[in-house]
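# Reading the structure
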Amino acid sequence: MQNVKEILQNMTLEEKAAQLVQIPYAHVGREKAIEWAKRGAGSFLHVFGDDARELQKIAVESAAHIPLLFGIDAVHGHCLNRKATVFPTQLSMACSFNPLLVKRMAEAAAKEISADGLHQTFSPVLCLGRDIRWGRVDETFGEDSYLAGELGAAAVQGYQGEDNAADTSVIACAKHYIGYGEATGARDSYDTPITYRKVKDTFLPPFEKAVKAGLASIMTAYGSIDGTPCTSDKKLLKEILKEQLGFDGFVVTDWENVGHLIREQRVAANEKEASRLAIESGNDMMMSAPEFYEAIIELVRGGEVEEKLLDDAVERILNVKMRFGLFANSFKQADEKFLGCEEHLRLNKEIARESTVLLKNNGVLPLNGRKKILVVGPSADDIRCNYGDWTYFSHPLPNYDTKPERPYITFLEGVKELAKEYDCAAEYVKGAEINEAIAGGIATAAKAAEKADVILFACGDNIELAAEGRDRADMRLPEAQRELFGALCKAGKPIVTALICTKPLCAPEIDEGSAAVLTNFNGGMFGGLALAEVIFGAINPCGKLPVSFPYHVGQQPCYYNQLPGWHCRNYVDMPETPLYGFGHGLSYTKFAYSNLAFDEKTLTLRVKVKNTGVRAGKETVQVYFRDLVSSVLTPVKRLIAFRKVQLRAGESRELEFAFTRADFSFVNAREERVTEPGEFEIMVGGSSADGDLIKLNFIIED
Ligand code: BGC
């Protein structure tokens, strides 16, 4: 077999230009797709099974003989295929604080993606979800850079496998590089007023960890940073990513980003200018930009762009194709039996269970001796509310009315199943739609409430109120559901609220009016079942919040790792803290922390954790630090480690965490990552709230 350099030497300019485009199959249609395959296009996206195989055959028989690479948005499982396992969304999975589970999910998803003969997934999302108004917070691992990096690296390892060339390994594509969630006003793809220092300090670390884990492709963000589109930012793509981080995979633009430089962002006047900017800035593959092909050929022929730039980009793409075994086996495909198989369904349940977060409990849970259960709410019996975005009936396939396929278990079904086991009776009244009233809905629910011992209220949003291009300014629970809840409160019965939502909502009235509140966001096929299991006490909850729930949208952003310096530290009409903060999550047992010790020589931390309750449980031990004096403002606390421990009732364990000086670093005004010697504070506990942390100070010597 020829090596990449030899293949490149024999390629014509046209073949090189074609190799750099990723063609959207559904948009161009089969006939045009065939023309592109004959021309030697590098890649297609959103094509499945037989259609993909047909194109591959054409590509390998074409003059260039270069196999195609097929990309797909398998964001939480290969969910654009209706036979596949729909795992919890990234935000949901992040509640598990469990990198191993995320890795296993990615391995399972890779098998299902490969079962369709596809090679690249546009996942994981390593943007931070720090402002809940942004439509895509559900796609992130939450608000914290360290957590996103740990889970992101695990996902990359899971997708790509130890043997990249294996039939079951796929190319991960970390996205969106970079700062996408920070746009002014949380407006999707809008300008982001952050500096490179901030980029390097806060937003780069998750991508850096993904690169260290072997990441083979990365997608640029739609937005711009302080006026420069990420797609045309040479410093971001060439200097920081390729040179400083040593990224050796390929950079793919987001959908039509080359065209966006002309039409949306207006930094280029025409296709030629935009194509020149894109290639010169360091993009290697242009997604949904067929116009790039002709433009770049003309530019090279006219001496306006050096052919060497194309060579570098083609080489990166071919290297990845070689590394993932596409030259050796262009039709590589995993067994179709993996799609939605039993093993993946079992894993799916395990993740949903570990990702369920108990936010409030005044003692009503686990339900006990309450025989007559009334389930109310629009999210109770519609699995689409648990699935979230990027499935076969949502974005980018606009088929919201499509009937979801079994197997799945809605919250109502889960409650009914468990009610039988616990000898209870469960009745259901919908009461309202997600975003509109139902005639007589409130009256029927209120009447049924009178006879109930406990009300399980399943409420939230759906993908019509979230997702790409669907930012919100009002983050409250929609009015129809607020009214329904108000009516239920009047019945005076204990209410347990299951928040089935894409991302946090501002619902202090739910907290106030409910005896208990729990969530697993979009928990996938078994998200509803896991909520029901927690309610009945069949499982002990152990999820923790990867993102804060504000009281009010005006508090945005209210992530935990704020900078110091806010005069008075709160609004005159609102607390400074969120309703439920980062890392928060209750259990049916209690954990006590003691014996905190820090060895300044070895930078080793020791702490004792004890399960002081009467039930076995899992705790996520969280370690935060603060640099007490630094040359630029640094956060009041930063997560630097976490570990999940399982403890029997009464059991205790000594944990040890070993750090390096680099763990206590930040990026200074010269854009250098440094650890400045001096006094630090270390904090350990079960959430980021001050009251949940034990602390001590230590010194890092010069
Ligand atoms: C999204 C990406 C996605 C791509 C391909 C874009 O609109 O921003 O996240 O991978 O489309 O579907």
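Residues numbered from 1 in each chain as written. Predicted model: local features only at pLDDT ≥ 70, side-chain atom pairs only at ≥ 80, totals over all residues. Heavy atoms only, no water.

Counting its secondary structure elements, the chain contains 20 helices and 26 strands. Expressed as lengths along the three principal axes of its C-alpha atoms, the size of the chain is roughly 75 × 65 × 45 Å. In the chain, which comprises 702 residues, the proportion classed as buried is 62%. Long-range pairs, those at least 24 residues apart, make up 75% of the contacts in the chain between residues at least 6 apart in sequence. Total accessible area on the chain stands at roughly 25700 Å², and carbon and sulfur atoms take up 47% of it. (Helix = DSSP H or I, 4+ residues; strand = E, 2+ residues; numbered from the N terminus. Buried < 20%, exposed > 50% of the residue type's maximum accessible area, 1.4 Å probe, protein only. Contact = heavy atoms within 4.5 Å. Areas by Shrake-Rupley, 256 points an atom, 1.4 Å probe, with all protein chains shown as cover.)

Next up on the list: a negative patch on the surface. A surface patch of like charges, here negative, comprises Asp599, Glu600, Glu701 and Asp702. Along the chain, aspartate 702 turns up in the segment after β26 (693–700). Aspartate 702 sits in the exposed class, given a relative accessible area of 84%. (Patch = residues over 30% accessible without salt bridge, like charges linked within 9 Å, V, L, I, M, F, W, Y side chains within 5 Å. Salt bridge = Lys/Arg side-chain N within 4 Å of Asp/Glu carboxyl O. Lys, Arg positive; Asp, Glu negative; His and termini not counted. Charge placed at Lys NZ, Arg CZ, Asp CG, Glu CD.)

All right, on to the site of the ligand then. Near the ligand you find 14 residues, and of these Asp73, Arg136, Tyr222, Asp254 and Glu468 are the closest. Contacts to the ligand include lysine 175, whose side-chain N or O atom sits 2.9 Å from an oxygen atom. One nitrogen or oxygen atom from the side chain of tyrosine 222 is found 2.6 Å from an oxygen atom belonging to the ligand. Considered on its own, the ligand offers 310 Å² of accessible surface; in the complex 96% of this is hidden by protein. Residues belonging to the shell around the ligand are distributed by class as follows: 7 nonpolar, 2 polar and 5 charged. (Near = heavy atom within 4 Å. Polar contact = N/O pair within 3.5 Å; in protein donor to acceptor, adjacent residues only side chain to side chain. Nonpolar A, V, L, I, M, F, W, Y, C, P; charged D, E, K, R; others polar.)

Once that is clear, we can look at the sheet that holds strand β6 (residues 191–192). Sheet architecture is open: 3 strands sit in the order β6-β8-β9, paired in mixed fashion. At either margin of the open sheet sits one strand with a lone partner, and together these are β6 and β9 (228–229). Sheet topology places strand β8 (residues 224–225) next to β9; 2 bridges connect them, and they run antiparallel. Among the inter-strand pairings, serine 224 is bridged to a residue of β9, identified as proline 229. (Pairing = 2+ DSSP bridges.)

In this section: the packing of helix α14 (residues 342–354) against helix α20 (residues 527–536). It is the contact of α14 with α20, at a shortest axis distance of 8 Å, that shows an interaxial angle of 50 degrees. Relative to α20, the element α14 is oriented oblique. As for how α14 packs across α20, the hand of that crossing is right-handed. Contact with α14, carried on its side by Lys349, Ala352 and Arg353, involves Gly527, Leu529, Ala530 and Glu533 of α20 and no other residues of that element. (Axes fitted to C-alpha atoms, helices over the stretch in contact; angles between N-to-C directions. Parallel < 35°, antiparallel > 145°, perpendicular 65-115°, else oblique. Left-handed = near helix turned anticlockwise from the far one by under 90°.)

Its location among the elements puts serine 123 in the loop between β4 (120–121) and α7 (145–160). There is a polar contact of 2.7 Å between the side chain of serine 123 and the side chain of tyrosine 159.

Turning next to the domain arrangement of the chain. One frequently used descriptor of interface size is the decrease in accessible area upon assembly of the parts. Taken domain by domain, the chain comprises domain 1 (4–337), domain 2 (356–569) and domain 3 (591–700). Domain 1 and domain 2 are separated by 34 Å when their C-alpha centres are compared. Domain 1 puts 41 residues into the contact, and the matching count from domain 2 is 46 residues. Per-residue buried area on domain 1 facing domain 2 is highest for Arg82, Ile132 and Glu143; these three make up 22% of the total on that side. (Domains from an automatic or database assignment. Buried area = accessible area lost by both parts, 1.4 Å probe.)

This brings us to the pairing of strand β16 (residues 495–499). In terms of burial, β16 is a largely internal element, 5 of the 5 residues being buried. Every second residue of β16 is oriented toward a common face, with Ile495, Thr497 and Leu499 on one face and Val496 and Ala498 on the other, all of them buried. Alignment of strand β15 (residues 454–459) against β16, held across 5 bridges, turns out to be parallel. Bridge pairing in β16 links phenylalanine 457 to threonine 497. Handedness of the crossover joining β15 and β16 through helix α18 (residues 479–490): right-handed. (Right-handed = clockwise from strand over helix to strand, strands pointing away.)

Our next topic: the packing of aromatic side chains. Summed over the entire model, instances satisfying the criterion amount to 26 aromatic pairs. With centroids separated by 5.3 Å and ring planes inclined at 35 degrees, the aromatic side chains of tyrosine 422 and phenylalanine 536 adopt a geometry described as tilted. Within this pair, whereas tyrosine 422 is found in the loop between α16 (411–421) and β14 (425–429), its partner phenylalanine 536 is found in helix α20, the two being separated by 114 residues in sequence. Relative to tyrosine 571, the ring of tryptophan 566 lies with its centre 5.0 Å away and its plane at 70 degrees, an arrangement referred to as edge-to-face. Tryptophan 566 sits in the partly exposed class, given a relative accessible area of 38%. Its relative accessible area of 32% is what places tyrosine 571 among the partly exposed residues. Against the face of tyrosine 190 rests arginine 187, its NZ or CZ located 5.2 Å from the ring centre. Against the face of phenylalanine 657 rests arginine 643, its NZ or CZ located 4.1 Å from the ring centre. (Phe/Tyr/Trp six-rings, centres within 6.5 Å; stacked < 30°, edge-to-face > 60°. Lys NZ or Arg CZ within 6 Å of the ring centre and 35° of its normal.)

We now examine the nonpolar core. Of all hydrophobic cores here, the largest spans 167 residues; its most connected members are Phe44, Leu55, Tyr177 and Ile279. With 8 residues, the single largest contributor to this core is helix α6 (residues 99–115). Judged by nonpolar contacts, the second largest core, of 44 residues, contains Cys79, Tyr392, Ile500 and Leu531. (Core = buried A, V, L, I, M, F, W, Y, C linked by side-chain atoms within 4.5 Å.)

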